[in-house]
Amino acid sequence: MIGSIRKLGRWGLGAFERLGRAHIFLYYILMGVPPVLLRFSLLVQQMLSVGVLSLLIIVVSGFFVGMVLGLQGYNTLVDFGAEQSLGVVVALSLVRELGPVVAGLLFAGRAGSALTAEIGLMKSTEQLSGMEMMAVDPIKRVIAPRFLAGFISLPILATIFTAVGIVGGYFVGVGLLGVDDGAFWSQMQAKVDFGEDIMNGVIKSIVFGFVVTWIAVFEGYDCVPTSEGVSRATTRTVVHSSLAILGLDFVLTALMFT
Amino acid sequence: MNDNSDDVLVRIRDLHFSRGNRKIFNGVDLDIRRGKVTAIMGPSGTGKTTLLKLIGGQLKPDQGSIQVDGLEVPKLKLSKLYELRKRIGMLFQSGALLTDINVFDNVAFPIREHTNMPPSMIRDMVLMKLESVGLRNARDMMPSELSGGMARRVALARAMALDPMMILYDEPFTGQDPISMGVIVQLIRLLNDALGLTSIVVSHDVQETATIADDIYVLSEGKVVGHGTPQQLAETDSDWVKQFMQGLPDGPVPFHYLGMQYVDDLLAGTDPERGV
Amino acid sequence: MHNSKTVEILVGLFVALGIAALFMLAMKVSNLSTFSSEGGYVVTARFENIGGLKVRSPVTVAGVRVGRISDINFDNTTYEAVVSMSIEAGYNTLPTDTSASIFTAGLLGEQYVSLEPGGDEKYLQQGGEVRLTQSAIVLEQVIGQFLYSQAEGGDK
């Protein structure tokens, strides 16, 4: 009994210690961000691997999610004779929730895990240590550009996801199921507010981008420098950032749409 | 021996360092003299690599002083430490080449980070360094395409890129075939003399190290147990140093991991942890 | 692997695609294109009961959307709801004797204000009031009345 309480205590202390280290790390990253803006090529390079290479999975998933929403929404709405509102259903669910959340989850799986693995590998092969010995700060040179790239990329990816999803919903609703073209768009326009809905969705994706990239670079930098440590860190990145996205989504939704 | 302070580049006094509960250094004194190749030897796990990290300021000692070129390393501010590190090259065991850029860019990396030289000058410098390790024609290869020995030579070219005053070698001979080992042994000596460097070689390969070192320190259990030229150490009367230098299987360092006596262990017949 | 020019082009395209997507959301999906709050004018109307009317509900004339509800207040002395409607600047020829009714789009749809232009030669200005109003039809009341009249009819 005492033993298990002690175990719990040790676990709690460990968790808090990690949390503390993560925040100190964040401070150093943020200090490293201004120099990155001066060396634009570093940022562009990372935008390619973090953002552009995630584009395909985002576009394909967005289209499918939109199509499913169109199909499910139609089947439900048609019972009430309200299939004209399909555009509203598809657009609002994507803009407010699914766009930022699903794009964030995909981003955590695709780009977040890759970031952790890359940084963890650089750590375990002494590349980070080597940089330090060459008087190059790895946080400024390696971590900060990746952090900034992820932070910028996710909102862009989420916006693309949402837009493609709406096109997917349009394709199924109007193209295949015969909802009136004009009603689809006009009802959507009447109900979706730019400031209230779309901007709040964008704000969500900015928050998710910040948190996911932070978790990913921290796990990579903090991992045990062995191949097992790197693979554990990669798993943790995906699990922790997914949980963080879903939890924060609830908090943000409660703050934004009440 | 001439113990003039100008002659000593790295001076370590009463160094204590522990990791967790394990004491790694327990009062180590070392002098690394300018222009010499100094070897630091000892069995695996005696913290030889840790010593290099302490000299480079990547770790801080619990107690004691580490002076490099008159600067007290553990007390340096980060910006001063970075200034010092520009004058120190380090060759990691794995080479630690950046895997996403090619050989040329790896060697150019420190130059590009720390200077504003025009590309044509950087090219000349990089080719010069690569020429000195014999890999000028491998400049377009990626690190993954290099053999272990080549990677280490590229890393050596990179360590020299900023014309440092001192190069630290972390286990440069481990895991090399005899030819590339010979190449590296020779390079360390040649570069040291040609460029007027000071070299610290951390290693447990006695034969190779003995051929190039001017001075050897032998570490064990957190202390310096032997010091002298290769010649002096070969004629030592310390049992421990003899065992290490000649690679004898048993001696002061026992073959058996310490614990219960074999006979007692068999006679006891039970092993509570295993539930026997 | 990639030379820096290709990298820059790809990243540039990526960012451009993101901006295009945001532009599409703004113009095609949201109400940003059909309604701009600038340059419009606000008129008020008093209703006994506004039913399910909400801020941002549409205001229409002859079925065409001309503005939206910008504010809903309660008047403590008359016990009426005061609804402010923001009308777009282009629709500035609504006569002063225009009447306002609250209708429901479809049986279960959202509620909106429909304006019926009168014949006056003066037009509504900023801060003007629509005096003729008809309250929302509350479904429960209608059904209640219907059942009541049916019951009365059945007795006779």
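In this text the structure is predicted, and so the values were computed from the model without any measurement.

## Focus: the overall build of chain C
The secondary structure content of chain C amounts to two helices and eight strands. Each helix (α) and strand (β) of chain C, taken in turn from the N terminus, gives the series α-β-β-β-β-β-β-β-β-α. The buried share among the 156 residues of chain C stands at 33%. In chain C, the proportion of contacts linking residues at least 24 apart, taken out of those at least 6 apart, comes to 63%.

## Section: helix H4 (residues 119-132) of chain B
Residue and element names in this part refer to chain B. Given a rise of 1.5 Å per residue, 14 residues ought to cover 20 Å, and the 20 Å separating the end C-alpha atoms of H4 matches this to within 8%. Buried residues along H4 sit against helix H3 (103-114) and helix H5 (148-159). Looking at the residues trailing H4, positive phi occurs at Gly 134, about 80°.

## Topic: the pairing of strand E1 (residues 8-19) of chain B
Within a regular beta strand, the side chains point alternately toward one face of the sheet and then the other, so they alternate between its two faces. All names here are of chain B. By the bridge criterion, nine bridges tie E1 to strand E2 (residues 22-33) in an arrangement that is antiparallel. Residue pairing in the sheet places Phe 17 in a bridge with Phe 25 of E2. What sits between E1 and E2 in their antiparallel hairpin is a turn of two residues, with Gly 20 showing a positive phi close to 65°. Summarising the sheet, E1 and strand E4 (residues 63-68) pair through five bridges and their orientation is antiparallel. For Arg 13, the partnering residue across the bridge sits in E4 and is Ser 65.

## Focus on the interface of chain B and chain A
Tallying the contact residues gives 21 residues for chain B and 16 residues for chain A. For the pair chain B and chain A, the two sides together bury roughly 1,700 Å², of which 56% comes from carbon and sulfur. Three residues, Tyr 82, Phe 109 and Glu 113 of chain B, lead the burial of chain B against chain A; their summed loss comes to 29% of the area buried on that side. Run the count over chain B and chain A and you get two salt bridges. Linking Arg 141 of chain A and Glu 113 of chain B is a salt bridge whose minimum nitrogen-to-oxygen distance equals 2.6 Å. Taken together, the connections running from chain B to chain A amount to eight residue pairs in polar contact (both at pLDDT 80 or more).

## Remarks on the interface of chain C and chain A
In many analyses, interface size is given as the accessible surface area lost on bringing the parts together. In this complex, chain C contributes 26 residues to the contact, which on the side of chain A involves 28 residues. Of the roughly 2,400 Å² buried between chain C and chain A, counting both surfaces, carbon and sulfur atoms make up 77%. When the buried area of chain C at its contact with chain A is split by residue, Phe 14, Leu 25 and Val 29 of chain C rank highest and sum to 26% of it. If you look at where chain C meets chain A, you find zero salt bridges. Applying the counting rule to chain C against chain A returns one residue pair in polar contact (both at pLDDT 80 or more). Its residues assigned to classes, the side of chain C that touches chain A shows 14 nonpolar, six polar and six charged.

## A few points about helix H2 (residues 40-50) of chain A
For H2 of chain A, every residue scored as buried is listed here: Leu 42, Leu 43, Val 44, Gln 46, Met 47, Leu 48 and Val 50 of chain A. Elements that come into contact with the buried residues of H2 of chain A comprise helix H1 (2-38), helix H4 (86-124) and helix H6 (138-176) of chain A together with helix H1 (4-29) of chain C.

## Digging into the sheet that holds strand E6 (residues 88-91) of chain B
Residues and elements named next belong to chain B. Across the sheet, which stays open at both edges, the six strands sit in the order E6-E7-E8-E3-E9-E10 with mixed pairing between neighbours. Lying at the two open borders of the sheet, with one neighbouring strand each, are E6 and strand E10 (223-228). Averaged over all pairs of adjacent strands, the angle between strand axes in this sheet comes to 15°, irrespective of strand direction. Pairing of E6 with strand E7 (residues 166-170) involves four bridges; the strand directions are parallel. Bridge pairing links Leu 91 to Tyr 169 in E7. Here H5 sits on the sheet in contact with E6 and E7, set at roughly 170° to E6.

## Concerning the nonpolar core
The biggest cluster of nonpolar side chains holds 77 residues, and the ones touching the most others in it are Ile 29, Ile 143, Ile 166, Met 188 and Val 217 of chain A together with Phe 14 and Val 29 of chain C. Counting residues per element, this core draws most heavily on H6 of chain A, at 17 residues. Discounting chain neighbours no more than four positions away, the residues touching Ile 143 of chain A are Phe 25, Ile 29, Ile 119, Pro 138, Val 217 and Tyr 221 of chain A. In this structure, Ala 108, Val 126, Met 181 and Val 201 of chain B belong to the second largest nonpolar core, which totals 36 residues.

## Side note on the sheet that holds E4 of chain B
Residue and element names in this part refer to chain B. Read from one edge to the other, the open sheet built from four strands follows the order E2-E1-E4-E5, with strand pairing classed as antiparallel. Only two strands of the sheet have a single neighbouring strand rather than two, namely E2 and strand E5 (71-72). Against the sheet, helix H1 (residues 48-55) engages E1, E2 and E4, with an angle of about 120° to E1.

## Some points on the packing of helix H3 (residues 55-77) of chain A against H6 of chain A
Between two packed helices, what matters for the description is the angle formed by their axes and the separation of those axes. Residues and elements named next belong to chain A. Closest axis-to-axis distance for the H3/H6 pair is 6 Å, and the angle between their directions is 40°. Taken together, the axis directions place H3 and H6 in an arrangement best described as oblique. The element H3 and its partner H6 pack so that their crossing is right-handed. In this structure, H3 uses Leu 55, Ile 58, Val 59, Ser 61, Gly 62, Phe 63, Val 65, Gly 66, Met 67, Gly 70 and Leu 71 to contact H6, whose residues at the interface are Leu 157, Ile 160, Phe 161, Val 164, Gly 165, Val 167, Gly 168, Gly 169, Phe 171 and Val 172. Residues that form the contact of H3 with H6 fall into these classes: 14 nonpolar, seven polar and no charged.

## A few points about a nonpolar patch on the surface
Where nonpolar side chains cluster on the molecular surface, the patch consists of Ile 24, Tyr 27, Tyr 28 and Met 31 of chain A and spans about 450 Å² of accessible area. As for its position among the elements, Tyr 28 of chain A is in helix H1.

## Considerations on the pairing of strand E4 (residues 80-87) of chain C
All names here are of chain C. A large share of E4 lies buried, amounting to seven of its eight residues. Relative to E4, strand E1 (residues 41-47) is paired through seven bridges, and the arrangement is antiparallel. In the strand pairing of E4, Thr 44 is matched with Ser 84. From the end of strand E3 (residues 64-75) to the start of E4, which pair antiparallel, there are four residues, and Tyr 79 there has a positive phi angle of about 55°.

## Considering the pattern of salt bridges
Taken as a whole and assessed by the stated rule, the structure comprises 28 salt bridges over all chains. Taking the shortest distance from any N to any O, the salt bridge between Glu 113 of chain B and Arg 39 of chain A comes out at 3.2 Å. One end of the pair, Glu 113 of chain B, is in helix H3; the other, Arg 39 of chain A, is in the loop between H1 and H2, on a second chain. The class for Arg 39 of chain A is partly exposed, based on a relative accessible area of 35%.

## Points about the packing of aromatic side chains
A complete count under the given rule lists 13 aromatic pairs over all chains for this structure. For the ring pair Phe 63 of chain A and Phe 171 of chain A, a centre distance of 5.9 Å and an interplane angle of 40° mean the geometry is tilted. Taken together, the residues Phe 63 of chain A in helix H3 and Phe 171 of chain A in helix H6 connect sequence positions 108 residues apart. Ring centres of Phe 103 of chain C and Tyr 112 of chain C lie 6.4 Å apart, and the angle between their planes is 70°; this geometry places the pair in the edge-to-face category. For Phe 103 of chain C, a relative accessible area of 30% corresponds to the partly exposed category. Following the ring pairs from residue to residue traces out a cluster consisting of Phe 147, Phe 151, Phe 210 and Trp 214 of chain A. The ring of Trp 185 of chain A has Lys 28 of chain C lying over it, and the distance from NZ or CZ to the ring centre is 4.7 Å.

Conventions we followed
- Residues numbered from 1 in each chain as written.
- Chains lettered and ligands numbered in written order.
- Predicted model: local features only at pLDDT ≥ 70, side-chain atom pairs only at ≥ 80, totals over all residues.
- Heavy atoms only, no water.
- Helix = DSSP H or I, 4+ residues; strand = E, 2+ residues; numbered from the N terminus.
- Buried < 20%, exposed > 50% of the residue type's maximum accessible area, 1.4 Å probe, protein only.
- Contact = heavy atoms within 4.5 Å.
- Expected span 1.5 Å × (residues − 1).
- Pairing = 2+ DSSP bridges.
- Buried area = accessible area lost by both parts, 1.4 Å probe.
- Salt bridge = Lys/Arg side-chain N within 4 Å of Asp/Glu carboxyl O.
- Polar contact = N/O pair within 3.5 Å; in protein donor to acceptor, adjacent residues only side chain to side chain.
- Nonpolar A, V, L, I, M, F, W, Y, C, P; charged D, E, K, R; others polar.
- Axes fitted to C-alpha atoms, helices over the stretch in contact; angles between N-to-C directions.
- Core = buried A, V, L, I, M, F, W, Y, C linked by side-chain atoms within 4.5 Å.
- Parallel < 35°, antiparallel > 145°, perpendicular 65-115°, else oblique.
- Left-handed = near helix turned anticlockwise from the far one by under 90°.
- Patch = residues over 30% accessible without salt bridge, like charges linked within 9 Å, V, L, I, M, F, W, Y side chains within 5 Å.
- Areas by Shrake-Rupley, 256 points an atom, 1.4 Å probe, with all protein chains shown as cover.
- Phe/Tyr/Trp six-rings, centres within 6.5 Å; stacked < 30°, edge-to-face > 60°.
- Lys NZ or Arg CZ within 6 Å of the ring centre and 35° of its normal.

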